[in-house]
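What the coordinates show
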Amino acid sequence: FDEQAQVTLLCLRTAECCFRSAVMAEDWCAAATRRVEKGSDGVWIRFGPPVDDSLMSRFFSVRFNPITSGAATVMLFGFVIVLLAIGVDREGCLTESSEDGAEIFRHSACYTPQIEFSFWMKWVADCFTWLYIGSQDCWVVFLAVLYFSRFADMKLGKDDDEPEFSDFAWFSMVFSCGVGVGLFFYGVAEPIWHYVDVNRYGHQWNGTERLPDNERAQAAMNLTWFHWGLHGWVVYAVVGVLLAFLHFRKGLPMTIKTCFYPLIGERIYGFWGDFVDSISIVATTMGVCTSLGLGVFQINAGIKKLTGYPNWIKLSYYNAENFGEWSDRVDSLRDYYLDYPVDSAFRKAHNFTDENGDLIIGTASKIASFVDTNDEQILIIWLITLVATFSVASGLQVGIQSLSMICLYLGMFLMMVILLMDDTWYIMNLYTQSLGYYLWDFLRISFYSAAFAQSDHGAREGEASWYMSGWTIFYWGWWIAFAPFVGIFFARISKGRTIRQFLNGTMTLPIAYNFAWMTIFGGAGLKMEMAADKFGVTCDTPRTRANICRVVERMRPSGYGGNPEVFCSTLTKLSCRGTTDMIFDVLYQYADLGPFMGVICLISLILYFITSSDSGSLVDDIVSANGIEEPPVVQRVYWAFTEGAAATALLYQGRLNYDAPDAGLRALQSASICVGLPYTFLICFMCVSLWRALQYERGELKWGESQFKHSILDVGVTAYG
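Residues numbered from 1 in each chain as written. Predicted model: local features only at pLDDT ≥ 70, side-chain atom pairs only at ≥ 80, totals over all residues. Heavy atoms only, no water.

**Side note on the overall build of the chain**
- A count of helical and extended segments in the chain gives 26 helices and eight strands.
- Out of the 721 residues belonging to the chain, those deemed buried represent 55%.
- Long-range contacts, defined here as pairs at least 24 residues apart, represent 77% of the contacts in the chain between residues at least 6 apart.
- Total accessible area on the chain stands at roughly 31,000 Å², and carbon and sulfur atoms take up 62% of it. (Helix = DSSP H or I, 4+ residues; strand = E, 2+ residues; numbered from the N terminus. Buried < 20%, exposed > 50% of the residue type's maximum accessible area, 1.4 Å probe, protein only. Contact = heavy atoms within 4.5 Å. Areas by Shrake-Rupley, 256 points an atom, 1.4 Å probe, with all protein chains shown as cover.)

This is the structure:
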């Protein structure tokens, strides 16, 4: 009986293998899957222990594509070296500016790379606003059709695969990677700047006529919702759903080049596939590096707010009283002063010595504090980098997942406290009203391209010509530049979910959360700004704030005697403050709870930066390792330190530019946004690729009949045939 059972079992297994082979031979991804199994899905360098679940394999094996990794490293650090080598023009240069409607040139200090890449970004906005606006709208429509299509219940994985993470853990990672940091930076600041700036709704060019304040405030909320709504998240969802489908269901590598397999087949394995992956790594690293570098400005502002001192390493402050403690730094401070551009605002306003050649302590103290601030920021970068390295080395299930859940809990706590501590009914009214405005104005604002405002013949009255490039196109380019990074990360954590579930988790829920955050924080900020205007708090008010007691116009119920309610709080003129200070100014108005809320906000901000850094490092490593899900730890450490090193180099250069210490990071940011232009075309092809892949999977199309087949000039450009 045992021998007969064994023979029967052997026959069944043989039949199953034959059946699988037959299915594999007929499957539309069979050729690509065989490449993965044979290890011929790209160029490889492999050494160290064999791949398994052991600690030796995880920590000491190396598996990467030398072409993709090498090209990305050379391009990234080559770009950083160029930015460092050019430096600040000490003699100044001619820069264009506008005064009373006329274009004039001024001789002033300048950082050439920032000016150059700002011109590139402006050129993209001037020439391709129609493309950015139109493509975002098309992608939204495409995903809406996909959501209600016959394909929406198809799994991102095998039919029996279950989700790897719980719904809450999955959403927390989606949100932390997608926009977590940005909400802290722009949550209060963006509505304020839309409220006071020359935007498309409210101001005349000369500033003498404008909409009523209430309408300007609502327009500010509407623009903020638009920039953080459907049109932003759509790029992440397109890349993520396509890559998750091809990887978990069809077994293809988790790299950007894989997205084009349904269109060009095995031609993704070659120079152009590696080139696309290299650019994706560079875009990811530049984006994370820029966010990390600029983010430390806000973290440092929060630390200074908590300590109450200008500096928190070395000396807390510099002045004549403690000059003996820092007099030995005078020579180095003089060197910094002489390195500042001759035409810089700082050198024009401050002399290092007086007429007799004696040191002016006030100037030296400003430079000393500025240099210490730069050291503080670099220290913060490396603390974040070290924690992020530990997090990414511990893996998704331990480090990234745990930190993301903590971040989401802290963020929800902050929202709930502000909702309850502030004018709750005002915020609830604002959310309801803003939702109505967003839906009512959706089509108009979605297609608005500033045609007249950006043209040479545009009237002086109305929207400023720079507004579209400075806000909407900046956002679209920024979202698109982050699409490879965030899309790959979304794909990596979404195994076992249906397409509809994926779209709910990456479009519906995050947008609702964004809207709630922007309404609560932005609404509280607008209320403070408008109250400051009403009670005469201006930029000339000491520290731009004042403690104001005012009568709340709503009366108490008759049971309390009908007496008016008096409310006292600190009102800050937020538009006179820096972007990094605004969220802390809002939190500190809540009396004794303010410092505690500031600490929670600072912790949340740091953790969100850590999750962004470790997510970026993981994505870089996945792509450089030809798309394997769990790349070796040593490579994760390499990419984490690469991000920190690049941010440090550009931030260190900032100490040589007192007027604009973030100029190098801004140049890197502008360059990465320009990368969004070619990716706009690639994402359009990804939409076609996704639909084709779903049709192939359901048998509605036969593989090879709807591909891009015929090469033109052998440069990867193809024609439909």
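**Digging into the confidence of the model for the chain**
- Looking at the chain as a whole, the pLDDT averages 82, with 84% of positions reaching at least 70.
- Throughout residues 710-721 the model reports pLDDT below 50, and contacts reaching past four residues in sequence, or to other chains, amount to 21 contacts. (pLDDT = per-residue confidence, 0-100.)

**Focus on helix H21 (residues 472-492)**
- End to end, H21 covers 29 Å across 21 residues, agreeing with the expected 30 Å (1.5 Å per residue, within 8%).
- A maximum bend of about 50° is found in H21 at Ala-483, where proline Pro-484 lies one to four positions downstream.
- Across the 21 residues that make up H21, a large majority, 21, are buried. (Expected span 1.5 Å × (residues − 1). Bend = angle between axes of the 7 residues up to and from the residue.)

**Concerning empty space enclosed by the protein**
- This structure, assessed with the given rule, holds two cavities of 30 Å³ or more.
- If you add up the space inside the largest cavity, you get close to 450 Å³.
- Lining the largest cavity are 27 residues, and of these Val-181, Gly-182, Ser-291, Trp-478 and Phe-482 lie nearest its centre.
- Of all the secondary structure elements, the ones that give two or more residues to the lining of the largest cavity are helix H6 (167-178), helix H7 (180-186), helix H12 (271-307), H21, helix H24 (593-624) and helix H26 (663-697).
- Taken together, the residues of the lining of the largest cavity sort by class into 16 nonpolar, ten polar and one charged. (1 Å grid on protein atoms, 1.4 Å probe; cavity = no way out; pocket = protein on both sides within 12 Å on 5 of 7 lines; lining within 4 Å. Points joined across faces, edges and corners; volume = space filled by probe spheres on them. Nonpolar A, V, L, I, M, F, W, Y, C, P; charged D, E, K, R; others polar.)

**Concerning the packing of helix H9 (residues 213-227) against helix H18 (residues 424-440)**
- Close contact between H9 and H18 brings their axes to 10 Å; oriented N to C, the two are set at 70°. Comparing the axis directions of H9 and H18 gives the class roughly perpendicular. Seen along the crossing, H9 lies across H18 with a hand that is right-handed. Contacts between H9 and H18 involve Gln-218, Met-221, Asn-222, Trp-225 and Phe-226 from the former and Leu-430, Tyr-431, Gln-433, Ser-434, Leu-435, Tyr-437 and Tyr-438 from the latter.
- Grouping the constituent residues of the contact of H9 with H18 by class yields eight nonpolar, four polar and no charged. (Axes fitted to C-alpha atoms, helices over the stretch in contact; angles between N-to-C directions. Parallel < 35°, antiparallel > 145°, perpendicular 65-115°, else oblique. Left-handed = near helix turned anticlockwise from the far one by under 90°.)

**Focus on unusual backbone geometry**
- Of note in the backbone geometry, Lys-314 takes a positive phi value of approximately 60° without being a glycine.
- As for its placement among the helices and strands, Lys-314 is situated in the loop between H12 and helix H13 (323-326).
- Its identity is not glycine, yet Asn-626 carries a phi of approximately 60°, on the positive side.
- Residue position: Asn-626 is located in the loop between H24 and helix H25 (633-653).

**Topic: the pattern of salt bridges**
- Inspection of every chain in the model, using the stated rule, returns 26 salt bridges.
- Where Lys-122 meets Asp-126, a salt bridge forms, and the shortest distance between an N and an O atom there is 2.8 Å. With Lys-122 and Asp-126 both in helix H5 (residues 112-147) and four residues apart, this pair spans about one turn of that helix.
- Among the salt bridges present, the one from Arg-636 reaches Glu-630, with a minimum N-O distance of 2.7 Å.
- A relative accessible area of 41% means that Glu-630 is categorised as partly exposed.
- One network of salt bridges, in which partners are shared, links Asp-27, Asp-159, Arg-249, Lys-250 and Glu-697. (Salt bridge = Lys/Arg side-chain N within 4 Å of Asp/Glu carboxyl O.)

**Side note on the state of the cysteines**
- What the rule picks out here adds up to one disulfide.
- Bridging Cys-539 to Cys-576, the disulfide has an S-S length of 1.7 Å. On the S-S bond that ties Cys-539 to Cys-576, the torsion sits near -75°, and the link is left-handed. In this pair, Cys-539 sits in the loop between helix H22 (499-534) and strand S5 (545-555) while Cys-576 sits in the loop between strand S6 (564-572) and helix H23 (582-587), placing the two residues 37 residues apart along the sequence.
- The class of Cys-576 is partly exposed, set by a relative accessible area of 23%.
- With no disulfide of its own, Cys-138 lies closest to Cys-684 among cysteine sulfurs, the gap being 7.0 Å. (Disulfide = S-S within 2.5 Å.)

**Quick notes on the packing of aromatic side chains**
- Scanning the model with the defined rule gives 53 aromatic pairs in all.
- Their ring planes at 10° and their centres at 4.0 Å tell us that Trp-225 and Phe-515 sit as a pair that is stacked. In this pair, Trp-225 is assigned in helix H9 and Phe-515 in helix H22, connecting sequence segments 290 residues apart.
- Judged by its relative accessible area of 0%, Trp-225 falls in the buried class.
- When the ring of Tyr-261 is compared with that of Trp-703, the centres are 5.2 Å apart and the planes differ by 10°; the resulting orientation is stacked. Here Tyr-261 is found in helix H11 (residues 261-264), whereas its partner Trp-703 is found in the loop between H26 and strand S7 (708-712), with 442 residues between them in sequence.
- A relative accessible area of 28% means that Trp-703 is categorised as partly exposed. (Phe/Tyr/Trp six-rings, centres within 6.5 Å; stacked < 30°, edge-to-face > 60°.)

**Structural notes on the environment of His-247**
- One can find His-247 in helix H10 (residues 230-249).
- Classification of His-247 by relative accessible area gives buried; the value is 11%.
- Beyond its immediate sequence surroundings of up to four residues, His-247 is in contact with Leu-252, Pro-253, Met-254, Gly-627 and Glu-629.

**A few points about the side chain of Gln-377**
- Here Gln-377 lies in helix H16 (residues 361-394).
- The residues contacting Gln-377, other than those within four sequence positions of it, are Val-296, Phe-297, Asn-300 and Leu-651.

**Remarks on the nonpolar core**
- Grouped together as the largest cluster of nonpolar side chains are 188 residues, with contacts concentrated most on Leu-143, Trp-233, Val-235, Trp-479, Phe-489, Phe-521 and Met-686.
- Among residues more than four places away in sequence, those in contact with Trp-233 are Val-174, Phe-175, Gly-178, Val-179, Trp-228, Trp-479, Phe-490, Thr-506, Met-507, Pro-510, Ile-511 and Asn-514.
- Core analysis: the next-biggest nonpolar cluster, separate from the first, contains 15 residues, Leu-315, Trp-326, Leu-333 and Ala-364 among them. (Core = buried A, V, L, I, M, F, W, Y, C linked by side-chain atoms within 4.5 Å.)

**Topic: the side chain of Thr-680**
- Examined against the element boundaries, Thr-680 turns out to sit in helix H26.
- Here Thr-680 falls in the buried class, since its relative accessible area comes to 1%.
- Separated by 2.8 Å, the side chain of Thr-680 and the backbone oxygen of Gly-676 make a polar contact.
- Once you skip the residues sitting within four places of it in the chain, Thr-680 turns out to touch Leu-131, Tyr-132, Ser-135, Trp-139 and Ile-480. (Polar contact = N/O pair within 3.5 Å; in protein donor to acceptor, adjacent residues only side chain to side chain.)

**Concerning the environment of Gly-487**
- Structurally, Gly-487 is set in helix H21.
- Of the residues examined, Gly-487 reaches a relative accessible area of 0% and is grouped as buried.
- Not counting chain neighbours up to four residues away, the residues in contact with Gly-487 comprise Tyr-236, Val-239, Gly-240 and Phe-482.

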